[in-house]
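Geometric and topological summary
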Amino acid sequence: MSHSAPGLNYLNHAKGFKSWALSLDHKRIGVMYMVAVSLAFLAGGILALLVRLELLGPGETIMGPDAYNQSFTLHAVLMIFAFIIPAIPAVMGNFVLPIQVGAKDVAFPRLNLASFYIYLIGAAIAMTALVNGRIDGGWTFYAPYSTSIGNGILWVTSGVFVMGFSSILTGLNFIVTVHKMRAPGLTWNRLPLFIWSIYATSIVQVLATPVIGITVLLLFLEKALSIGIFDPALGGDPVLFQHFFWFYSHPAVYIMILPAFGVISDLMGTFSRHQVSGYKFVALSSVAIAFLGFLVWGHHMFVSGQSAVSSIVFSLITYLIGIPTGVKVINWVQTMYKGSVQLKSPMLYAIMFLFTFSIGGFTGIMLGVLAIDVHLHDTYFVVAHFHYVMMGGNVIAALGGLHYWWPKFFGKMYNETLAKIAAILVFTGFNVTFFPQFILGAQGMPRRYYDYLPQYEGLHALSTYGSWILAAGLFLIAGYLIASFFTGKKAGLNPWGALTLEWTHTTTPPDHHNFHDTPVVTRGAYDYHLAGHLFQNGGEVTELDLGGDGAGAAPEVAPLSHEPAH
Amino acid sequence: MANPHTNQPAHVKHYFVSSEQQFDAAKMGMWLFLVTEILLFSGMFVAYTIYRSWHPETWAALSTALDWKLGGLNTIVLLASSFTVAMGINQIQRGNQKGLLINLVLTFVFAGMFLVVKYFEYSAKFEHGLFPGAAFDPHGVSHGFDYATYNVPYGPQFFSIYFVMTGIHGFHVLVGMGLFAWITVKALKGRFSAEYYTPVENAGLYWHLVDIIWIFLFPLLYLI
Amino acid sequence: MGDNGSVWLPDPGTALAGEVDSLFWFVFWTSTVMFAMVVLAKVYFMVKYKRKDDRDVPAPVEESKILEAAWIVVPTILVLIVFTWGFDVFVKLSSAPPDAYQINVRAQQWSWEFAYDEGATSYTELYVPVGRPVKLNMTSADVLHSFYIPSFRVKHDVIPNRYTSVWFQAEEAGEYNIHCTEYCGTQHSGMNAKVVAVSEEDFAAWIAEQSQDLPPAVLGQQVFAQCQACHSIDGTPGIGPSLAGIYGEEHEFTDGSTAVVDDDYLLESIINPMAKIRKGYQPVMPAGFSALSQKQLDGLVAYIKSLE
Ligand code: HEA
Ligand code: HEA
Ligand code: CUA
Ligand SMILES: [Cu+2]
């Protein structure tokens, strides 16, 4: 039996392309996802910058209408299916979740690797639409427009279908891991909130994604064989397509945001060094949101021709979602109350998140009000709403998580000053880009418009300038993170003084098998008051916490202390 | 048989603490997968229900175009195969490898029979122009019946839904055959025992689901 | 911005739009207040409880069940108020008065056609009388579109093979923008028109004038509003070829054949656009124009002939 030699970790215990490409190690898979997902974000982001540049003034600025329509479509397809859905679960979930539950890997490592390749194949198929014929009309693919355009739609729907499988398999893997592989002592009430939220996300992934599967399959057949289910010219019903589409895509927005909630909970706890207020409420509200999320899809269709009765019911349930979400927001704020708040860069993102996500959420409620949505539907108000929740919610949280776990991932610290500057650039740029869009929308500026009336020019131009500030911030982040590999200080075991297992029970970067001995958990993820002994020497914890609950108990060793040699 | 490093049986992967944990995990994973399958089909069932409620006459009229005798035969074939899978699992639980093999082969054969019958059904439809969607063009007379009478509004939709549902189901049968072929090979190599038969159990669960979905498809499409 | 409009909302053009706005402002301000509370509390805690000593390990706070409950009950009450109110206004927006003046609207990539009971038709301008409820019965000839008048706060999707409707009652004479808000292809952003609200008398006069027999080329020019998204009349090619001075030219098609542009060819190009596809262009011209009346078609041909 071999404990890894000192200095060996998951990054350097084996070398070469194959040791990565065929790795079954959840941490390596997480890192590979990180590379892929960042590339998707970069590509989607560049398209967004082009879209904004075109909108700098009315009329043609840099491209014609067809190029514009394809740009925003591909922007959205990449951002939604290739970036934001896998972003937190597949990168941070993969890396952190097994360690946080005290397991040596996910329940099905092979399936995990397969999910990664399925994702890559799906993304590649979707991207071929670039050369395989035009694909415009937005990420919603509404029939019959989508079946009237070139064959690009066949490729994109196949790509989405394949990426959906990846999402299902990842979710399935995580659910089983959380249920079956928790370390001794890690009861549901002690789970980090990040796990709770990934768990709720996984449930939505498993339940909702098959429906988008069958939907895009039907759309594919509609285009390929004219089966006449959605195309009115053949006797089909286009509104039915919208029901199918949103039945997945609304729950999908919670696939995007729930993991972000998890990250924020962990950040709030760690950087306030305080129990997350209302732990049970925060944990269970994730599940409540996941559940309610299935019942509101019709709020995208208030003016589509669905029956008024359905609109009313959907509107009512839509507001109800605000309540569990509000419970979270309030509890995050309360966590800081009488805490010990440290404003490191990850915490800056958490605080930023409270600001931007709340704006996104409240405007979501406005859109849920039937009479108001009639005016605001398909205007820039909606565009601003969903960028506030997706970019201002999910992406900001993902950036917070990235900064938080970066030292654990790679064992290097990035430059904290640059990180703070970048955070401020991102915050300013983001708000300057998207806040004016609320006003544009309320003034009546429709979305998916290549050209617009001169009266909207000022706000559009402002929004475009904002996108440059935002881009500057994001490129700066990419820059110093990459630089940290070469010039970064070596990261300590637990630089933030966190209490979850990835910080307290494994090395930095983690050992190939995560733990030498299966940890035994004796306190909740945020029970700082039981862990005072860890902080005797200051904020940074430099020793593994093998001492149990801090009452001086002897190190407990789980029955299984063996691992196969390699 | 034991893994020298973990003191666990060889089939237990190093990241599991015990054989039970591994078995439980696999089984839960399979159940979740089946849930996704049900949701996939439920999308189709919703489409079916909606179109049926909009055009009940068309649906009632066109279900007569489907041969309930062949469909019934297939129902029996699938039920039989579900039974043989269950028997196979029962055999291996008692350590009877030969019993497992026989039942696996039988299941495989039944699944094949199902597809052969399906093939005849499909070709009989195609012959008379009963295609999905735009290609729908019923014509020809057989046994004194004029297929052109099937040319009713929303007929194409009926056949679209019929072919998509049975097509996806048929694809699942095909995947099932692949699964059973693979498991048969493993069984031949003696991989399974009374202690370890997780793949057989999971393939069996999958197969029961394929069977159950057919039990719903058959009356909905052929009978009513 | 606008005359009486605010930074946020354009000047309301109907009484009902005013009601939508009140609701908007109610939700806007309650949200702003709640948002401000969240942000203030956050900033205050951030400053007040800033870590002073790295060894600090603050004790947990006793959670107040009452506070937790308050955070559930108060928002619930608020959302119920907003729901009832929003529902009420929505019902008004969806139910046109039975005596409303009806206009048929036909959407097509990428133009609107407004047909009035008296036989008049208009394209880029929707004439309506002030002070009378107007109901639009809308359908589409091809893909989904959506009919939107920001100033009136009305919007509804326009669907092929189905009729949907919006209604409004303009309060003041004037012009208001119409936009298409459901993505419908290349010129989606060009699918605009205007509401022209005029007094009852002017409206009656306009209808009377429209219903008279116009010279074919004048009628053709009006109908041509539907073609402008794709065809210019000044020689610059767009999605379709420019129609300036094409009469008498010899055109080459994708299959290699050629034809001289005469009346017959023009008519065929409009009612059966797929028959001959001009070389260098995509076969995307909609077939729906075959539904135009004979008079309108004659008008179009006369108009195109007259272009230089
Ligand atoms: C996750 C989702 C997501 C994200 C993050 C974004 C990000 C951005 N979006 Fe987009 N957007 C959508 C999803 C998203 N969008 C969707 C779904 C639509 C609807 C489309 C439709 O109508 O169908 C849309 C539509 C849309 C429109 C409306 C188009 C129209 O209706 O005509 C506009 C216009 O301003 C826009 C702009 C932007 C901008 C400026 C950003 C910026 O925030 C982008 C900034 C990013 C970068 C500049 C890249 C930098 C990256 C790196 C440097 C890589 C390094 C990596 C790390 C730091 C980790 N988006
Ligand atoms: C991460 C993604 C995400 C998230 C989390 C949300 C969250 C919400 N969304 Fe959003 N939404 C999108 C992504 C998302 N949305 C996208 C992509 C679209 C457009 C798709 C397209 O057409 O292309 C869209 C569109 C959309 C519409 C349709 C608009 C239209 O097309 O006309 C509506 C309407 O109801 C809506 C509502 C909501 C609501 C009520 C929430 C709620 O979950 C928000 C809850 C949060 C809060 C309310 C804030 C915090 C709460 C408190 C501080 C407590 C007190 C407050 C109250 C009780 C009110 N969204
Ligand atoms: Cu018509 Cu957009
Ligand atoms: Cu939604």
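Since the structure is predicted, the reported quantities are computational estimates derived from the model, not experimental observations.

Attention shifts here to the overall build of chain A. Summing up its helical and strand segments, chain A has 16 helices and zero strands in all. In summary, chain A has a C-alpha radius of gyration of 24 Å against a globular reference of 24 Å for 566 residues, a match within 12%. Counting only C-alpha atoms, chain A reaches 75 × 45 × 45 Å along its principal axes. Summarising the internal contacts of chain A: among those between residues at least 6 apart in sequence, 81% fall at separations of at least 24. For chain A, the exposed area adds up to about 16,400 Å²; of that, 70% sits on carbon and sulfur atoms. Charged side chains in chain A number 25 positive and 25 negative. The centres of these two groups are separated by 8 Å.

For the rest of this paragraph, the subject is the sheet that holds strand β8 (residues 164-168) of chain C. Residues and elements named next belong to chain C. In space, the five strands of this open sheet follow the order β3-β2-β1-β5-β8, with mixed pairing throughout. Each edge of the open sheet is held by one strand with a lone partner, namely β3 (121-122) and β8. Both strand β5 (residues 134-140) and β8 contribute to a ladder of five bridges, which runs antiparallel. Bridge pairing links V134 to F168 in β8. Sheet strands touched by helix α3 (residues 200-211): β1 (101-108), β2 (111-116) and β3. Its angle to β2, the strand with the most contacts, is close to 100°.

Residues and elements named next belong to chain C. Strand β7 (residues 154-158) sits mainly inside the fold: five of its five residues count as buried. Two strands pair when backbone bridges link them, and strand β6 (residues 145-149) and β7 are joined in this way by five bridges, in the antiparallel orientation. By the bridge assignment for β7, Y148 is matched with K155. Connecting the antiparallel pair β6 and β7 is a turn made up of four residues, with R153 showing a positive phi of about 60°.

Residue and element names in this part refer to chain C. The sheet contact formed by β6 and strand β9 (residues 174-180) spans two bridges and is antiparallel. Looking at β9, one finds that F147 is bridged to C180. Bridging between β9 and strand β10 (residues 193-198) involves five bridges; their strand directions are antiparallel. Considered in β10, the bridge of Y176 is made with V195.

Our next topic: the site of ligand 2. In the neighbourhood of ligand 2, 30 residues make up the surrounding shell, with A:Y254, A:D373, A:H377, A:H385 and A:R447 lying closest. Near ligand 2, the surrounding residues belong to chains A and C. For ligand 2, a nitrogen atom lies 2.9 Å from a polar atom in the side chain of A:H385. Measuring from an oxygen atom of ligand 2, one finds a side-chain N or O atom of A:R447 at 2.8 Å. Listed by contribution, the elements that provide at least two residues to the shell around ligand 2 are α8 (238-272), α10 (308-336), α11 (345-368) and α13 (380-410) of chain A. Per-class residue counts for the shell around ligand 2 are 17 nonpolar, eleven polar and two charged.

Mean pLDDT over chain A: 88, with 94% of residues reaching 70 or higher. With pLDDT under 50 throughout, residues 548-566 of chain A is counted as low confidence; its partners more than four residues away or in other chains account for 42 contacts.

Chain B puts 37 residues into the contact, and the matching count from chain A is 39 residues. Taking both sides of the interface into account, the surface hidden between chain B and chain A amounts to around 3,200 Å²; carbon and sulfur atoms contribute 77%. Summed over the shared surface of chain B and chain A, the number is zero salt bridges. The tally of links from chain B across to chain A stands at six residue pairs in polar contact (both at pLDDT 80 or more). Elements supplying a minimum of two residues to the side of chain B that touches chain A: α1 (19-54) and α5 (155-188) of chain B.

Each partner contributes residues to the interface: chain C has 75 residues there, and chain A has 96 residues. Here chain C packs against chain A, burying approximately 7,300 Å² in sum over the two surfaces, 69% of which is carbon and sulfur. Contact with chain A buries surface across chain C, with C:W8, C:R51 and C:Y183 losing the most and accounting together for 11% of the total. Remark: the boundary between chain C and chain A carries one salt bridge. Between C:R162 and A:D237 there is a salt bridge, and its shortest N-O distance comes to 3.0 Å. The interface formed by chain C and chain A includes 24 residue pairs in polar contact (both at pLDDT 80 or more). When contributions to the side of chain C that touches chain A are tallied by element, the ones reaching two or more residues are α1 (15-48), α2 (65-94), β7 and β9 of chain C. Ranked by residue count, the leading element in the side of chain C that touches chain A is α2(C), at 15 residues. The class makeup of the residues in the side of chain C that touches chain A is 45 nonpolar, 16 polar and 14 charged.

All names here are of chain A. For the coordinates displayed, the defined rule picks out 91 aromatic pairs over all chains. Centre to centre, the rings of Y33 and Y119 are 5.6 Å apart; their planes meet at 50°, and the pair counts as tilted. Taken together, the residues Y33 in helix α2 (residues 26-54) and Y119 in helix α4 (residues 109-127) connect sequence positions 86 residues apart. The exposure classification of Y33 matches that of Y119, with both residues buried. Relative to Y404, the ring of F271 lies with its centre 5.9 Å away and its plane at 65°, an arrangement referred to as edge-to-face.

When four donors bind a metal tetrahedrally, each ideal donor-metal-donor angle is 109.5 degrees, and when six bind octahedrally, the ideal angles are 90 or 180 degrees. One donor from the polypeptide reaches the iron atom of ligand 2: A:H385 (NE2), at 2.2 Å. In this structure, the iron atom of ligand 2 lies 4.5 Å from the copper ion (ligand 4).

Turning next to the sheet that holds β10(C). Residues and elements named next belong to chain C. The sheet built from five strands is open, its strands ordered β4-β10-β9-β6-β7 with mixed pairing. The sheet terminates laterally at β4 (125-129) and β7, the two strands that pair on one side only. When strand polarity is set aside, the average angle formed by the axes of neighbouring strands in this sheet is 25°.

Residues and elements named next belong to chain C. Considering every residue of chain C, the mean pLDDT works out to 87; 98% of them sit at 70 or more. Per-element averaging of pLDDT across chain C places helix α4 (residues 216-223) at the bottom with 84 and β6 at the top with 96. For this predicted complex, the interface confidence reaches an ipTM of 0.87, while the overall pTM sits at 0.89.

A few words now on the packing of helix α3 (residues 65-100) of chain A against α8(A). The relative placement of two packed helices is expressed as an angle between their axes plus a distance between the axes. All names here are of chain A. It is the contact of α3 with α8, at a shortest axis distance of 10 Å, that shows an interaxial angle of 40°. As far as their axial angle goes, α8 and α3 are oblique. Once α3 is placed against α8, the crossing between them reads as left-handed. Two secondary-structure elements touch here, α3 through I80, F81, I84, I85, I88, P89 and Q100 and α8 through Y248, I255, M256, P259, A260, V263 and D266.

Residue and element names in this part refer to chain C. Within the structure shown, the criterion is met by 14 salt bridges over all chains. The partner of E200 in a salt bridge is R132, and the shortest N-O contact between them spans 2.9 Å. Of this pair, E200 sits in helix α3 while R132 sits in the loop between β4 and β5, placing them 68 residues apart in sequence. Classification of R132 as partly exposed rests on a relative accessible area of 26%. In this structure, K279 engages E252 in a salt bridge whose closest nitrogen and oxygen atoms are separated by 3.4 Å.

Calculation notes
- Residues numbered from 1 in each chain as written.
- Chains lettered and ligands numbered in written order.
- Predicted model: local features only at pLDDT ≥ 70, side-chain atom pairs only at ≥ 80, totals over all residues.
- Heavy atoms only, no water.
- Helix = DSSP H or I, 4+ residues; strand = E, 2+ residues; numbered from the N terminus.
- Rg over C-alpha atoms; globule rule 2.2 N^0.38 Å.
- Contact = heavy atoms within 4.5 Å.
- Areas by Shrake-Rupley, 256 points an atom, 1.4 Å probe, with all protein chains shown as cover.
- Lys, Arg positive; Asp, Glu negative; His and termini not counted.
- Charge placed at Lys NZ, Arg CZ, Asp CG, Glu CD.
- Pairing = 2+ DSSP bridges.
- Axes fitted to C-alpha atoms, helices over the stretch in contact; angles between N-to-C directions.
- Buried < 20%, exposed > 50% of the residue type's maximum accessible area, 1.4 Å probe, protein only.
- Near = heavy atom within 4 Å.
- Polar contact = N/O pair within 3.5 Å; in protein donor to acceptor, adjacent residues only side chain to side chain.
- Nonpolar A, V, L, I, M, F, W, Y, C, P; charged D, E, K, R; others polar.
- pLDDT = per-residue confidence, 0-100.
- Buried area = accessible area lost by both parts, 1.4 Å probe.
- Salt bridge = Lys/Arg side-chain N within 4 Å of Asp/Glu carboxyl O.
- Phe/Tyr/Trp six-rings, centres within 6.5 Å; stacked < 30°, edge-to-face > 60°.
- Donors = N, O, S within 2.8 Å, 3.2 Å for Na, K, Ca; no water.
- Parallel < 35°, antiparallel > 145°, perpendicular 65-115°, else oblique.
- Left-handed = near helix turned anticlockwise from the far one by under 90°.

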